[in-house]
Amino acid sequence: MIKKALIGIAAFLGAGAIVFGALIAINSGDTKNSQDYESYRAAMEAFRDATNDSSANATTRINNLADNIESTGDYAIIERAAKSYMRDVLVPYYEVAELQNKGIYKSGISPELIKMQQPDFVDALSEISTMNEKLTQVQNIADNLFLRDAAEKYLGENELDGKYIKIFNDETKRIYDDVKLRQNYYEFVNTYRPKTDYYSKILNFLVANKNNWHLDDDKISFKTTALTNQYNAIVSNKNF
């Protein structure tokens, strides 16, 4: 298990989680006191709270709040953009974190898993496929979204006063300026990609040769020495 230092979902990310602080106050008196600003601030505080939710419903909360825009006018533009950017960065990682705590990633290829899912291992291979997709997303996020320019693209073609862009950047830079957070994404991919490839090779070999093996006293026995040697070569090539 890699060490995690990510915003939110403490159950997955542990004591090292980086938690959002309070929204940076705006110096302009008319902005700070405006009803629209207060609506924006409350909406973003609720959203940040959702990213630190330790329950199984955290991802659902994030998605629901990202779709629900509380402020109006230009504040609605930056609220929608900030939430969309943060959701796109965080949710795929949280989904990987959920996957690692269940199914084949929790049990490994155990005798119990083989007994329950042989000979086609449909559920385990589905979990592996989903993990591969999510890891590709996490890799792309680390490569492309930890940049100010990437975050500001979420503002679209709207012509905004500089103060609104500043509010937006004060919120989103908590992510795109976080070098440790970005590195953690790469570490997660580097940890779970080899495990995913390893499990996939073993299970696909068993499926391809499902008529040529059986489970005997919690051990796989093949009909031929050649298949036994091929299987042992795959199993021994563990690099995580």
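All of these numbers come straight from a predicted model, not from anything done at the bench.

(A) Focus on the pairing of strand E2 (residues 219-222). Here strand E1 (residues 213-216) runs beside E2; their pairing, made up of 4 bridges, is antiparallel. Residue pairing for E2: tryptophan 213 is matched across the bridge by phenylalanine 222. Between E1 and E2, which pair antiparallel in sequence order, lie 2 residues; one of them, aspartate 217, sits at a positive phi of approximately 55°.

(B) Fine view of the confidence of the model for the protein. Per-residue confidence for the protein gives a mean pLDDT of 87; residues scoring 70 or more make up 86%. In this model, residues 1-29 is a region of pLDDT below 50 whose contacts with residues beyond four sequence positions or in other chains number 89 contacts.

(C) Quick look at the packing of aromatic side chains. In this structure the tally under the stated criterion is 17 aromatic pairs. Following the ring pairs from residue to residue traces out a cluster consisting of Tyr93, Tyr105, Phe146, Tyr185, Phe188, Tyr192, Tyr198, Tyr199 and Phe240.

(D) A look at the side chain of threonine 172. Tracing the chain through its elements places threonine 172 in helix H10 (residues 162-176). Given the relative accessible area of 0%, threonine 172 is considered buried. Threonine 172 has contacts with Ala82, Tyr85 and Ala151, leaving out every residue within four places of it along the chain.

(E) Local environment of the nonpolar core. Grouped together as the largest cluster of nonpolar side chains are 59 residues, with contacts concentrated most on Ile78, Val89 and Tyr185. Top element by residues in this core is helix H5 (residues 73-99). It accounts for 13 residues. Excluding residues within four positions of it along the chain, valine 89 makes contact with Ile141, Leu145, Phe146, Ile175 and Tyr185.

Reading the values: rules and limits
- In this convention, every chain numbers its residues from 1, walking through the sequence in written order.
- For a predicted model such as this one, the threshold for reporting local features is a pLDDT of at least 70, and the threshold for listing and counting side-chain atom pairs is 80 or more; totals across whole chains, interfaces and linings nevertheless cover every residue.
- Only hydrogens and water are set aside when side-chain values are computed; all heavy atoms of the structure are taken into account.
- DSSP-based pairing: two strands are paired if at least 2 bridges between them are found.
- Helix and strand definitions here come from DSSP, where helices need a minimum of 4 consecutive H or I residues and strands a minimum of 2 consecutive E residues; each element is numbered from the N-terminal end.
- Residue-level confidence of the predictor is summarised by pLDDT, bounded by 0 at the bottom and 100 at the top.
- Here a residue-residue contact requires only that any non-hydrogen atoms of the pair lie within 4.5 Å.
- Centres within 6.5 Å are what make two rings of Phe, Tyr or Trp a pair, Trp counting through its six-membered ring; a difference in plane orientation under 30 degrees is then read as stacked, over 60 as edge-to-face, and the rest as tilted.
- Each residue gets one of three labels from its accessible area relative to the maximum for its type: buried under 20%, exposed over 50%, partly exposed in between, using a 1.4 Å probe on protein chains only.
- Here, nonpolar core refers to any group of buried Ala, Val, Leu, Ile, Met, Phe, Trp, Tyr and Cys residues whose side-chain atoms link them within 4.5 Å.

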